[in-house]
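Spelled out, the chains give:
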Amino acid sequence: MFTEINSNIKIFEDMFKDCGDLVKRKIPVSDTFIYLLYFDGMNDRDMIESRILNPLMIEIRKVPPEHFENLPEALINRGITTADFGEEEDFEKAAEKVMSGETLLLIDGFPKALIISSKHFPKRGIDKPDTEGSINGPKEAFCENFRDNTALIRRRIRDPGLKIKQTQAGRRSKTDIGIVYIEDIVRPEILAETEKRIKQIDIDAILDSNILAQLMSKDVLSPFPSFQLTERPDKAAAEILEGRIVIVVDTSPFVIILPSVLACFYQTSEDYYDNWQTASLVRCVRYIASVIALTLPGLYICFALYNPSMLPSALLMKMSAARNGVPISGVLEIFLMELAFEALREAGVRMPDAIGQTLGIVGGIIVGQAAVDAGLVSPIVVIVVSLTGICSFAIPQLALSSAYRLSKYFIMAAASLFGLVGFWSALVVILIHLSSLSSFGIPYLYPFGGDIKGD
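Definitions and cut-offs
Residues numbered from 1 in each chain as written. Predicted model: local features only at pLDDT ≥ 70, side-chain atom pairs only at ≥ 80, totals over all residues. Heavy atoms only, no water. Helix = DSSP H or I, 4+ residues; strand = E, 2+ residues; numbered from the N terminus. Buried < 20%, exposed > 50% of the residue type's maximum accessible area, 1.4 Å probe, protein only. Contact = heavy atoms within 4.5 Å. Areas by Shrake-Rupley, 256 points an atom, 1.4 Å probe, with all protein chains shown as cover. Salt bridge = Lys/Arg side-chain N within 4 Å of Asp/Glu carboxyl O. Phe/Tyr/Trp six-rings, centres within 6.5 Å; stacked < 30°, edge-to-face > 60°. Lys NZ or Arg CZ within 6 Å of the ring centre and 35° of its normal. Pairing = 2+ DSSP bridges. Axes fitted to C-alpha atoms, helices over the stretch in contact; angles between N-to-C directions. Parallel < 35°, antiparallel > 145°, perpendicular 65-115°, else oblique. Left-handed = near helix turned anticlockwise from the far one by under 90°. Nonpolar A, V, L, I, M, F, W, Y, C, P; charged D, E, K, R; others polar. Patch = residues over 30% accessible without salt bridge, like charges linked within 9 Å, V, L, I, M, F, W, Y side chains within 5 Å. Lys, Arg positive; Asp, Glu negative; His and termini not counted. Charge placed at Lys NZ, Arg CZ, Asp CG, Glu CD. Core = buried A, V, L, I, M, F, W, Y, C linked by side-chain atoms within 4.5 Å.

Q: Just checking my understanding: could you explain the overall build of the protein chain for this structure?
A: In terms of regular secondary structure, the protein chain is built from 14 helices and 12 strands. Here the protein chain holds 455 residues, and the buried ones make up 46% of them. Looking at the protein chain alone, contacts between residues at least 24 apart form 65% of all its contacts between residues at least 6 apart. With an accessible surface of roughly 23400 Å², the protein chain has 59% of that area assigned to carbon and sulfur atoms.

Encoded structure:
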């Protein structure tokens with residue numbers, strides 16, 4: 001920066017030309033003036049007026065004239081009454097600070113800009129978790145404010161070993177990203193790989209943690225998630241204490257947990273608060289539900305079309321009677337019902353909460369009953385599709401549930417073409433694919449399969 005203040009002012013005003021929300025003001029002090037610059041709506045106006053403007057315009061005038069021989073030093077030591085401020089020489093970096101919600105102060109004869117911390121973004125309060133509700137445990141959830149989220153974690157882990165490395169990503173968004181871990185627990189190679197992947201990101205903007213997670217993932221062709229997202233600070237703190245890394249992204253109410261293996265997606269925050277017998281039982285139910293959600297439609301196709309002799313006679317006769325008069329094939333029948341269920345699920349998500357729940361329940365009942373009464377589908381198919389959908393909802397993480405939903409259609413297609421051979425072949429392909437995945441060097445099927453170096 002230049003020593004002459006007017007040259008610095010011209011550069012900043014040209015840089016922020018046509019920015020209607022920019023607040024700029026020249027303030028006379030002694031025989032010269034200073035220049036204040038910040039964006040309206042991103043700062044604490046009360047703090048600016050009480051800690052910056054009031055001391056500079058009123059209190060500094062009470063200082064004896066002999067102390068103004070070095071005006072910058074007098075302003076810094078006697079005029080600014082906030083402890084959190086720094087200096088910046090580079091125009092681009094100073095502009096980034098202003099766009100991040102800081103206040104910039106230029107002093108005539110001082111070849112640096114003072115950056116005063118005054119961030120105060122519009123934000124919502126700390127609400128209850130929407131997607132990870134629980135009966136036991138805290139009722140706090142992350143919000144869109146970066147510093148609030150890091151404070152929620154640090155409040156739970158009062159350990160000097162808890163580190164928060166702060167960086168930025170996005171050429172235009174300059175999104176703040178915090179890498180949170182405990183220094184003496186985390187694996188150094190995983191931490192180094194995390195920092196490396198974040199530095200390699202080259203994109204205009206990071207608008208949410210989901211975008212960052214996808215950009216950091218190396219298995220882009222796999223439907224199975226390699227990162228876990230959570231909106232619960234207690235879950236994030238528990239994972240950090242287990243040696244994992246949490247990535248906090250500004251403007252996102254979800255944090256990223258890594259590394260993440262398949263078993264991690266079956267664990268919920270409530271498991272930490274229940275006794276081990278109950279938690280183990282519920283987790284087994286989740287595993288069983290995921291197997292049903294993945295395989296039940298494919299098994300129905302196999303038994304209904306290719307291998308009916310493998311079913312008990314009573315059940316086979318019930319299924320045959322139920323399909324009597326249905327004008328479409330069993331494969332097309334279950335594919336259409338699955339697609340109808342997916343459409344109802346998507347419609348329920350997009351509608352307001354009260355209407356969405358009503359649409360999902362009433363819509364499913366009406367559509368299923370009407371289809372059966374019209375003779376378009378059999379009651380068995382409605383039961384199979386409904387049970388599959390219920391079991392998919394029992395999977396705690398939406399990302400894993402979506403992966404199973406996609407894999408389910410692959411199994412259904414293989415079963416419809418080759419029967420039980422196709423069904424088992426599809427399962428083997430999925431198992432081989434899962435065995436080939438890893439998350440930051442940790443086998444995806446760990447601890448059921450694979451090994452970790454150093455263990």
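More follows now that the structure is in view.
Q: Help me understand the pattern of salt bridges, please; the structure alone is not making it clear to me.
A: Side-chain pairing between opposite charges can occur once the charged atoms of the two side chains come close. Following the criterion strictly, the structure yields 21 salt bridges and no others. The residue Arg 197 makes a salt bridge to Glu 193 at a minimum N-O spacing of 2.9 Å. Taken together, the residues Arg 197 and Glu 193, both in helix α6 (residues 188–199) and 4 residues apart, mark about one turn of the helix. By relative accessible area, Glu 193 is classed as buried at 19%. For the salt bridge of Asp 271 with Arg 286, the shortest nitrogen-to-oxygen distance reads 3.1 Å.

Q: How should the packing of aromatic side chains be read in this particular structure?
A: Each aromatic ring pair is summarised here by two numbers: the centre-to-centre distance and the angle between the ring planes. Counted under the stated rule, the structure contains 9 aromatic pairs. Pairing Tyr 287 with Phe 448 gives two aromatic rings, centres 6.2 Å apart and planes at 85°, and the pair type is edge-to-face. Of this pair, Tyr 287 sits in helix α9 (residues 276–306) while Phe 448 sits in the segment after β12 (442–443), and the two are 161 residues apart along the sequence. Accessibility expressed as a relative area gives 60% for Phe 448, which makes it exposed. Through a chain of ring-to-ring contacts, three or more aromatic side chains come together here, namely Tyr 266, Tyr 287 and Phe 448. Taking the ring centre of Phe 440 as reference, the NZ or CZ of Arg 197 above it sits at 4.0 Å.

Q: I'm lost on the sheet that holds strand β10 (residues 255–258) in this one. Help?
A: Across a sheet, paired strands are connected by hydrogen bonds in the backbone, their directions being either parallel or antiparallel. Read across the open sheet, the 5 strands follow the order β6-β7-β9-β10-β8; overall the sheet is antiparallel. Lying at the two open borders of the sheet, with one neighbouring strand each, are β6 (162–169) and β8 (228–230). Here the average twist between neighbouring strands, direction ignored, is 25°. Inspection of the sheet shows β8 paired to β10 by 3 bridges, in the antiparallel sense.

Q: Looking at this model, I keep getting lost on the packing of helix α1 (residues 5–15) against helix α4 (residues 91–99). Mind explaining?
A: For any two helices packed against each other, one specifies the inter-axial angle together with the distance between the axes. Running from amino to carboxyl end, α1 crosses α4 at an angle of 55°, the nearest separation of the two axes being 11 Å. Taken together, α1 and α4 sit at an angle that is classed as oblique. Between α1 and α4 the crossing geometry is right-handed. Where α1 abuts α4, its residues Asn 8, Ile 11, Phe 12 and Met 15 lie against Phe 91, Glu 92, Ala 94 and Ala 95. The residue inventory of the contact of α1 with α4, partitioned by class, reads 6 nonpolar, 1 polar and 1 charged.

Q: In this structure, what is going on with a nonpolar patch on the surface? I would like to understand it.
A: A cluster of nonpolar side chains, Leu 281, Val 282 and Val 285, forms an exposed patch at the surface whose accessible area comes to about 250 Å². Following the sequence through the fold, Val 285 ends up in helix α9.

Q: Which parts of the structure should I look at to understand a positive patch on the surface?
A: The grouping of Lys 97, Lys 119, Arg 147 and Arg 154 at the surface amounts to a positive patch. Secondary-structure assignment places Lys 97 in helix α4.

Q: Whenever I open this one, unusual backbone geometry confuses me. Can you help?
A: Leave glycine aside and you will find that most residues have negative phi; peptide bonds, for their part, are mostly trans. Note the cis peptide between Leu 258 and Pro 259, where omega equals -10°. Relative to the assigned elements, Pro 259 resides in the loop between β10 and α9. Unlike most non-glycine residues, Lys 174 shows phi in positive territory, near 50°. Its identity is not glycine, yet Phe 440 carries a phi of approximately 55°, on the positive side. Its place among the elements puts Phe 440 in the loop between β11 (438–439) and β12.

Q: Explain the side chain of Ser 378 here, please?
A: Relative to the elements of secondary structure, Ser 378 occurs in the loop between α12 (353–373) and α13 (379–393). Those residues in contact with Ser 378 that sit more than four places away from it in its chain are Tyr 300, Ala 322, Arg 323, Val 326, Glu 333 and Val 372.

Q: Explain the nonpolar core here, please?
A: For soluble globular proteins, nonpolar side chains are generally found buried alongside one another. Counting 37 residues, the largest nonpolar core has Phe 224, Leu 262, Ile 334, Leu 400, Tyr 404 and Leu 434 as its most contacted members. Of all the secondary-structure elements, those providing two or more residues to this core are α9, α11 (330–350), α13 and α14 (398–436). If one sorts the elements of this core by residue count, α14 sits on top with 14 residues. Within the second largest apolar cluster, 25 residues are counted, among which are Ala 169, Ile 198, Ala 213 and Val 249.

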